[in-house]
Amino acid sequence: MSWPALYAQLLGTNRHSTSLGKVWLSVLFIFRVMVLVVAAESVWGDEQSDFTCNTLQPGCENVCYDQFFPVSHIRLWSLQLVFVSTPTLLVSMYVSYRNHCDKRRILQSSGRASVLNSKGQEEELETLKKRRLPIAGALWWTYLCSLVFKMMFEGGFMYALYVVYDGFQMPRLVQCDQWPCPNLVDCFVSRPTEKTVFTVFMATASSICMVLNLAELAYLVAKALNRMQPPTNQMKINSFVYFCLINRGKN
Amino acid sequence: TPLAQPDEPDLESKMNWGTFYAVISGVNRHSTGIGRIWLSVIFIFRILVLVVAAESVWGDEKSGFTCNTQQPGCNSVCYDQFFPISHIRLWALQLILVSTPALLVAMHVAHRRHVDKKALKRSGRGSPKELEHIKNQKFQITGALWWTYMISIIFRLIFEVAFLYVFYLIYPDFKMVRLVKCDSYPCPNTVDCFVSRPTEKTIFTVFMLTVSGVCVLLNLAEVAYLIARACKRCMSRPEDEAKAAWITQRLSSYRQNEINQLIADHSLKSKLTVTKKSPTEQGERCSAF
């Protein structure tokens, strides 16, 4: 799994995020992807080879492993990270669509006007590529949808992990009596304590990300409500005075 | 070749530590000299050693752990009892958590740049050259940035010491024992279990703990240096400059409704004229009054 490629892709969408979105991205990559790759994959590496049952019956270990571990934690977390990162691409798709429309408009308007400075047109296209769209209107709705999807995927995968493994703790011993096991055999899981520690860590990081998403949602709603109020003359004076004071403070 | 297999996972993890390094070393511009030394120590003596050497020493920690019994499951259970978390994972988590407070500083710097850019655009002087200047501007470690930097160093210290303590709790002796005795179910009786490569593990444990201690000392030195610098700055500033700076700071921290109140009372004008000791250009900018 090429995590650096995903990181590069998501960094590109960072320009149009809020600050909370940027914090969320850092938390995602440092506390979840890095920990997954650097640590968790070595802990779960020998999960099947070291799963031993107290029997010599061939096939019993395979069957019991499959019964108690239908999907490995590592795969669930990788899927969760992939699903949780992709709604951000909705926003970048919308931004490229907007840029494409504006570019077409600029080129069309230059086509109509016969006397036009081509340099001016190039400059306009350059600013189009480098500009940062304010999060308003349709972009606001797209961003909101992406946040809602992120939270749904996050919650969905955590719930799935909790249901499949009956909690976040890894047992040391499981008892299994599937055919072809001759009777109720004890099967021993490898490194259960270390796995429990990492499961709890990843669940905590996941909850932190959900909290960040909720905060970002609240921030967006507050910003939208703020924007709906028309700016009064008083507010215009205030922002001017504030600007003066900042400059005074700088010098 | 038989050596080809172990190289693959090393490359993957190297790639990710590499991305991590790129992210963290971006903060280097706004660090002190001691901060840069600390960063180099972290990357050369801890991350590099962890990836290149320690992971191959601990690679066969479970497969090489053998108990003197043929009872299936006894190996797993005894290994889990004596090694709840592997040293490697503890060190990797420690490095990740210890390096992240540096991002607080990066976030603060980004926020300052954003505010400056917005103010510049509002004043109508948003030429690309000026915006570039803001992007490459190196901020002095004063004021709010000093506090952010201080908090980030304190968090680093807290994480470093916390992990050292956790290490001490789980593995009270720095020495890795050669033999452990275990009698958890399903082991039939008290069996001898043998740890693989105990001496090599002891050497690396002592090395990593020493470098950890060195990093704690570097962080303490940085705290002392920052405090000394701040005190020096406080004392060397002349009296009236300090007063003007203090008044400016107080004015800057007024909230919006207080500004409204002052404007409504027409008393802000008189207060601004009192502080106008600086060159005329400041008066020009606020000439609306």
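Each residue is numbered by its place in its chain's sequence as written, counting from 1. Chain A is the first chain written and ligand 1 is the first ligand written, with later ones labelled in order. Note on the predicted model: pLDDT of at least 70 is required for a residue's local features to be given, and 80 or more for side-chain atom pairs to be given and counted; whole-chain, interface and lining totals, by contrast, use all residues. Side-chain numbers here rest on the full set of heavy atoms in the structure, without hydrogens or water.

By the naming in an unreviewed UniProt entry, chain B goes by Gap junction protein and is assigned to Xiphophorus couchianus. What the UniProt record of chain B gives under Subunit (unreviewed entry) is the line "A connexon is composed of a hexamer of connexins." UniProt positions are given in the numbering used here, feature names are shortened, and annotations may be inferred rather than shown by experiment.

An unreviewed UniProt entry lists chain A under the name Gap junction protein, with Xiphophorus couchianus given as the organism. UniProt's Sequence similarities (unreviewed entry) comment on chain A is quoted here verbatim: "Belongs to the connexin family." The record in UniProt for chain A states the following under Function (unreviewed entry): "One gap junction consists of a cluster of closely packed pairs of transmembrane channels, the connexons, through which materials of low MW diffuse from one cell to a neighboring cell."

(A) Broad picture of the overall build of chain B. The way it works is that DSSP assigns letters per residue, a run of H or I at least four long becomes a helix, a run of E at least two long becomes a strand, and they are numbered from the N terminus. Counting secondary structure elements, chain B contains 12 helices and three strands. Categorising residues by exposure relies on relative accessible area from a 1.4 Å probe, with only protein chains included: less than 20% of the type maximum marks a residue as buried, more than 50% marks it as exposed, and the intermediate range marks it as partly exposed. For chain B, buried positions account for 40% of its 289 residues. We call two residues in contact when some of their heavy atoms are within 4.5 Å. Residue pairs in contact within chain B that sit at least 24 positions apart in sequence constitute 78% of those at least 6 positions apart. Each accessible area is a Shrake-Rupley result for a 1.4 Å probe, and residues are judged covered by the shown protein chains and nothing else. For chain B, the exposed surface amounts to about 16,400 Å²; the carbon and sulfur share of it is 62%.

(B) Here's a closer look at unusual backbone geometry. The peptide bond linking A:Trp179 to A:Pro180 adopts the cis configuration, its omega dihedral lying at 10 degrees. Inspection of the secondary structure assignment puts A:Pro180 in the loop between strand 2 (173-176) and strand 3 (185-188). Backbone torsion omega between B:Tyr185 and B:Pro186 reads 10 degrees, so that peptide bond is classified as cis. By secondary structure assignment, the location of B:Pro186 is in the loop between strand 2 (179-182) and strand 3 (191-194). For A:Asp166, which is not glycine, the phi dihedral falls at a positive 55 degrees. Here A:Asp166 lies in the loop between helix 7 (138-164) and strand 2. In this structure, B:Arg197 takes a positive phi of about 50 degrees despite not being glycine. Looking at the secondary structure, you find B:Arg197 in the loop between strand 3 and helix 8 (198-236).

(C) Structural view of the UniProt feature "domain: Connexin N-terminal" (unreviewed entry) in chain B. Those residues carrying the UniProt feature "domain: Connexin N-terminal" (unreviewed entry) are residues 56-89 of chain B in this numbering. This span, residues 56-89 of chain B, is 41% helix and 6% strand, and a straight line between its end C-alpha atoms measures 13 Å.

(D) Focus on the nonpolar core. Nonpolar core, defined: a set of buried Ala, Val, Leu, Ile, Met, Phe, Trp, Tyr and Cys residues in which side-chain atoms within 4.5 Å join the residues together. Counting residues in each nonpolar core, the largest one holds 96 residues, and the members touching the most others are A:Phe51, B:Trp17 and B:Leu50. Sequence-distant contacts of A:Phe51, that is, excluding residues within four places in its chain, are made with A:Glu61, A:Cys64, A:Tyr65, A:Phe69, A:Val174, A:Cys187, A:Phe188 and A:Val189. Core analysis: the next-biggest nonpolar cluster, separate from the first, contains 14 residues, B:Cys67, B:Cys187, B:Val191 and B:Cys193 among them.

(E) Molecular detail of the sheet that holds strand 3 of chain B. All names here are of chain B. Only strands joined by at least two bridges in the DSSP assignment are considered to pair. Across the sheet, three strands lie side by side as 1-3-2; this open sheet has antiparallel pairing. Edge positions in the open sheet fall to strand 1 (66-67) and strand 2, since each of these has one partner strand only. As judged from the four bridges shared by strand 2 and strand 3, these two strands associate in the antiparallel manner. Across the sheet, the residue bridging to Val-180 is Cys-193, located in strand 3. To obtain an axis, a line is fitted to C-alpha atoms, over the contacting stretch when the element is a helix, and the angle between two such axes runs from 0 to 180 degrees between their N-to-C directions. Sitting on the sheet, helix 3 (residues 74-82) is in contact with strand 1, strand 2 and strand 3, with an inclination near 110 degrees to strand 2.

(F) Layout of the state of the cysteines. Residues and elements named next belong to chain A. By disulfide we mean two sulfur atoms from cysteines, separated by a distance within 2.5 Å. Counting across every chain of the model gives six disulfides over all chains. Between the sulfur of Cys-60 and that of Cys-181 lies a disulfide, 1.9 Å long from S to S. Linking Cys-60 and Cys-181, the disulfide has an S-S dihedral of approximately 105 degrees and is accordingly described as right-handed. Here Cys-60, found in helix 3 (residues 60-68), pairs with Cys-181, found in the loop between strand 2 and strand 3; they are 121 residues apart in sequence, far enough to count as distant. Among the residues examined, Cys-181 registers a relative accessible area of 8% and is labelled buried. Here Cys-64 is linked by a disulfide to Cys-176, with a sulfur-sulfur distance of 1.9 Å. An S-S torsion of about -80 degrees defines the bridge between Cys-64 and Cys-176 as left-handed. In this pair, Cys-64 sits in helix 3 while Cys-176 sits in strand 2, placing the two residues 112 residues apart along the sequence. Cys-64 sits in the buried class, given a relative accessible area of 0%. Relative accessible area serves as the criterion here: at 1%, Cys-176 is assigned to the buried category.

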